[in-house]
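Each chain is listed here by its residues.
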Amino acid sequence: MTAGCALLDEDLGQETIEGIPDEPFRIVQILFESGPAAFYGEQAMNATDMLVEQINAEGGLLGEREIEIVDRLDEGAGLDSLISEVQAIAQEGEVDMLFSIISSAHVLGVAPAANDQQMPFLVTMPGTYQLFEENPEMDHVVRTAGSNAAGAIGAVRMAEQMDDVETVVTIDPDYAWGHDHQEMFETALGNVRPDIDIVESRYPDLGETDYSAHVSAIASEEPDLLFSSLWGGDTATFVSQGVDGGLFDQIGEALLIGDTGAPLLRSLGGDMPENVWLGGRAGYQPTYRYDEDEDHQQFVDDYYDRYGEYPGWGAYHDWAGLKTLQEGVERAVSIIGDWPTGEQLMASMNDISVEMPHGQHTMRGPQAAAPAVFGRPTEDHDFPVDHPLTTDFEFIAATEVNPPTGVPTMEWVEEIEPL
C-alpha cells in the first residue's frame with residue numbers, strides 16, 4: 001500500500017475524478033468470435049457475462065459502479081482492423097477499458113497501440129513473454145495471464161523428475177508461439193537434464209487437419225517423452241488422430257501444455273489417453289482444489305449451472321482479470337479517495353495479488369507470475385459429466401517457472417539450474 005501510495009502521489013496525481021461516477025464502467029472485450037480460436041472466445045464471453053452480472057448484482061465495482069460490456073471486437077478480423085478499432089475507440093473517449101484478447105500475435109500489436117492512445121488495456125490470455133520485454137514503457141497495459149515461460153519451464157521441471165526419460169520428441173505449431181515454446185523447453189532441458197536427447201522437433205501448420213505424417217514420424221522414434229504446445233482445436237485433432245494411429249502406445253509419457261482444460265477433454269471424450277500430463281501456466285482445471293477452495297467451487301458450479309459444461313482456460317483467464325480489476329479499483333480508491341484516472345487504475349493493479357484456484361496469483365509489476373500445474377486425465381471422478389477430467393495434480397511454484405523481476409526470459413532460461 002505504501003508503494004502504491006507513493007506511485008500514485010508522485011507520478012499520477014495530475015488528474016482527479018471526484019467521487020464515484022454515476023455512469024457504468026464501460027468495457028470493450030477483444031476476443032475471437034469466429035475461426036478456430038472462437039473455442040476460447042466463447043469461454044471468455046461466457047465467464048465475463050456471468051461474472052459481470054454477479055458483480056453488478058452486488059452493486060458493481062466497490063458496490064457502487066456497475067460494469068457494462070458495451071462492445072466486443074472479433075480478433076478474426078485481423079491485426080490491422082483491431083488496431084484501427086482501438087484507435088477509434090480511444091479517440092471517441094466513451095470507453096473506460098479494453099479487456100481480454102487471445103492471440104499473442106495480436107497483443108504485440110494492439111497493446112502498444114492502446115498504450116500510445118492512453119487507452120487502459122487489461123490483457124487476460126496471451127502468454128508471449130515478449131509483451132513487456134519488447135515494450136517496457138507501457139503504463140496503460142497490465143497482463144493478468146502468466147507468460148508462456150510458466151508452461152514451457154513447467155514442462156521442463158516435470159521432465160527433470162522423470163528418471164526413465166532418455167529421448168524426447170517435440171511438436172509445436174509452426175509460428176512464433178510454437179517456436180518460442182520449443183526453444184525454451186530445449187534450452188532449459190539441456191541445462192537441467194543434459195542426459196536427455198531431443199531426437200526430433202516437428203512443426204505442423206497452425207490449424208493443421210491431417211497429422212498422420214507427424215503421428216507416424218513420432219511413433220517411429222518411440223520417444224520416452226512427447227512435449228507439445230499445440231493448443232485449442234489443434235490439440236484435439238492431434239490427440240484424436242494420434243490415438244487412432246496408435247501413437248500413445250509407442251511413447252512413454254506426453255506433456256501437453258496448450259489448451260488442456262475441460263472443454264478439450266469434453267471434445268475428445270474417450271479418446272484421451274492416460275499416459276499424458278495436461279497443464280501449463282496456472283491451475284485452471286475445474287477439478288483442481290475444487291473441494292478446498294470455496295470461491296473456485298462456486299465459480300465452477302455457477303458456470304456449469306448456467307452453461308451446462310465446465311469452464312476452460314478462456315473462462316479462468318477472464319475471471320482472473322475481473323478479480324484483478326476489482327482489487328485494483330479498491331486499492332486505488334482507498335489511496336486517493338476518488339475514482340482513479342485510467343493511468344492511476346492501471347498503476348493500482350501493479351504488484352498486487354488475487355486468490356485463484358492455485359493460490360495467490362501475483363502481479364510482478366504489470367505482469368502476472370503464474371505457477372505451473374499438471375494433472376492426469378481420468379474418467380474416475382464424481383462430476384456430472386461423461387468425459388475425463390484431470391486429477392493427480394503436480395504443482396510447481398511460480399518462482400521456479402518464471403524469471404526474476406527484471407531478468408529477460410531467454411537470459412534466465414539459458415542459465416536455469418536444476419531443482
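Rules of the game
- Residues numbered from 1 in each chain as written.
- Predicted model: local features only at pLDDT ≥ 70, side-chain atom pairs only at ≥ 80, totals over all residues.
- Heavy atoms only, no water.
- Helix = DSSP H or I, 4+ residues; strand = E, 2+ residues; numbered from the N terminus.
- Rg over C-alpha atoms; globule rule 2.2 N^0.38 Å.
- Buried < 20%, exposed > 50% of the residue type's maximum accessible area, 1.4 Å probe, protein only.
- Contact = heavy atoms within 4.5 Å.
- Areas by Shrake-Rupley, 256 points an atom, 1.4 Å probe, with all protein chains shown as cover.
- Pairing = 2+ DSSP bridges.
- Axes fitted to C-alpha atoms, helices over the stretch in contact; angles between N-to-C directions.
- Domains from an automatic or database assignment.
- Buried area = accessible area lost by both parts, 1.4 Å probe.
- Polar contact = N/O pair within 3.5 Å; in protein donor to acceptor, adjacent residues only side chain to side chain.
- Salt bridge = Lys/Arg side-chain N within 4 Å of Asp/Glu carboxyl O.
- Parallel < 35°, antiparallel > 145°, perpendicular 65-115°, else oblique.
- Left-handed = near helix turned anticlockwise from the far one by under 90°.
- Nonpolar A, V, L, I, M, F, W, Y, C, P; charged D, E, K, R; others polar.
- UniProt positions renumbered as here; feature names shortened; annotations may be inferred.
- Core = buried A, V, L, I, M, F, W, Y, C linked by side-chain atoms within 4.5 Å.

From N to C terminus, the protein includes 15 helices and 15 strands. Taken against the 2.2 N^0.38 rule, which gives 22 Å for 419 residues, the C-alpha radius of gyration of the protein at 21 Å falls within 12% of a compact globule. With respect to the principal axes defined by its C-alpha atoms, the protein has extents near 65 × 45 × 40 Å. Looking at the protein residue by residue over its 419 residues, the buried ones come to 60%. Considering only contacts in the protein between residues 6 or more positions apart, those separated by 24 or more positions represent 72%. Carbon and sulfur atoms form 42% of the exposed surface of the protein, whose accessible area is close to 16,300 Å².

Moving on, we come to the sheet that holds strand E7 (residues 197-202). By definition, the strands of a sheet pair up through backbone hydrogen bonds, in either a parallel or an antiparallel sense. Here 7 strands make up an open sheet; going across it, the order is E7-E6-E8-E9-E10-E14-E15 and the pairing mixed. Strands with a single pairing partner mark the edges of an open sheet, and in this sheet they are E7 and strand E15 (389-396). Strand-to-strand twist in this sheet, taken as the mean axis angle between neighbours without regard to direction, amounts to 20 degrees. Bridge count between strand E10 (residues 276-281) and strand E14 (residues 372-378): 4 bridges; the pairing is antiparallel. Following the sheet pairing, Leu278 is matched in E14 by Gly375.

What the domain assignment reports for the protein is domain 1 (23-142 + 289-356) and domain 2 (147-287 + 369-412). Computed over C-alpha atoms only, the centres of domain 1 and domain 2 are separated by 27 Å. Taken residue by residue, the interface counts 26 residues in domain 1 and 30 residues in domain 2. A buried area of about 2,300 Å², summed over both sides, lies between domain 1 and domain 2, and 62% of it is on carbon and sulfur atoms. Area buried by domain 1 at its contact with domain 2 is led by Tyr129, Tyr310 and Trp313, which between them contribute 35% of it.

One can find Arg65 in the loop between helix H2 (38-57) and strand E2 (67-74). Given the relative accessible area of 2%, Arg65 is considered buried. Only 2.9 Å separates the side chain of Arg65 from the backbone oxygen of Glu23, close enough to count as a polar contact. In this structure the side chain of Arg65 is engaged in a polar contact, spanning 3.3 Å, whose partner is the backbone oxygen of Pro24. Beyond its immediate chain neighbours, meaning those up to four positions away, Arg65 contacts Ile20, Pro21, Glu23, Pro24, Phe25, Gly59, Gly60, Asp96 and Trp339.

Let us now look at the pattern of salt bridges. Following the criterion strictly, the structure yields 12 salt bridges and no others. Between Arg306 and Glu53 there is a salt bridge; the shortest N-O distance is 3.3 Å. A residue pair is termed long-range when its members are at least 10 positions apart, and Arg306 in helix H11 (residues 294-307) and Glu53 in helix H2 qualify at 253 residues. Of the residues examined, Arg306 reaches a relative accessible area of 38% and is grouped as partly exposed. A salt bridge links Glu253 to Arg376, with the shortest nitrogen-to-oxygen separation between them at 2.8 Å. Remark: Arg376 occurs in strand E14 and Glu253 occurs in strand E9 (residues 253-256); sequence separation between them is 123 residues. Given a relative accessible area of 17%, Arg376 falls into the buried group.

With that settled, the discussion passes to the packing of H11 against helix H12 (residues 313-336). The interhelical angle for the contact between H11 and H12, taken along N-to-C directions, is 130 degrees, at an axis separation of 12 Å. Between H11 and H12, the interaxial angle falls into the category oblique. Considering the relative orientation of H11 and H12, their crossing is right-handed. Every residue of H12 that contacts H11 at Asp295, His296, Phe299, Val300 and Tyr303 is listed here: Ala315, Tyr316 and Trp319. Residue composition of the contact of H11 with H12, grouped by class: 6 nonpolar, 1 polar and 1 charged.

Strand order in this open sheet of 8 strands is E2-E1-E3-E4-E5-E13-E12-E11, and the pairing throughout is mixed. Only two strands of the sheet have a single neighbouring strand rather than two, namely E2 and strand E11 (353-356). Each adjacent strand pair in this sheet contributes to an overall mean axis angle of 25 degrees, direction not counted. Its contacts with the sheet put H2 on strand E1 (25-31), E2 and strand E3 (97-100), and the angle it makes with E2 is roughly 170 degrees. Relative to the sheet, H12 contacts E1, E3, strand E4 (121-123), strand E5 (141-146) and E11, its axis offset from that of E11 by approximately 140 degrees.

For any two helices packed against each other, the geometry comes down to the angle between their axes and how far apart the axes lie. Where helix H6 (residues 148-160) contacts helix H7 (residues 176-192), the axes come no closer than 9 Å and their chain directions differ by 35 degrees. Crossing handedness for the pair H6 and H7: right-handed. For the pair formed by H6 and H7, the contact residues are Asn148, Ala149, Ala152, Ile153, Ala155, Val156, Arg157, Ala159 and Glu160 on the first element and Trp177, Asp180, His181, Met184, Phe185, Ala188, Leu189 and Val192 on the second. Looking at the contact of H6 with H7 residue by residue, the class counts come to 12 nonpolar, 2 polar and 3 charged.

This part is about the UniProt feature "domain: Leucine-binding protein" (unreviewed entry) in the protein. Per the UniProt annotation, the sites labelled "domain: Leucine-binding protein" (unreviewed entry) are residues 26-367. Span residues 26-367 is 45% helix and 18% strand, its end C-alpha atoms 23 Å apart.

Counting residues in hydrophobic clusters, the biggest one holds 53 residues, and the most contacted among them are Phe25, Met97, Phe299 and Leu325. When contributions to this core are tallied by element, the ones reaching two or more residues are E1, H2, E3, H11, H12, helix H13 (342-348) and E11. By residue number, the principal contributor to this core is H12, which donates 9 residues. Looking at which domains feed residues into this core, each of domain 1 (23-142 + 289-356) and domain 2 (147-287 + 369-412) gives three or more. Contact partners of Met97, with chain neighbours within four places excluded, come to Phe25, Arg26, Ile27, Val28, Met119, Pro120, Leu122, Leu325, Leu345, Met346 and Met349. In this structure, Ala149, Ile153, Val192 and Val413 belong to the second largest nonpolar core, which totals 31 residues.

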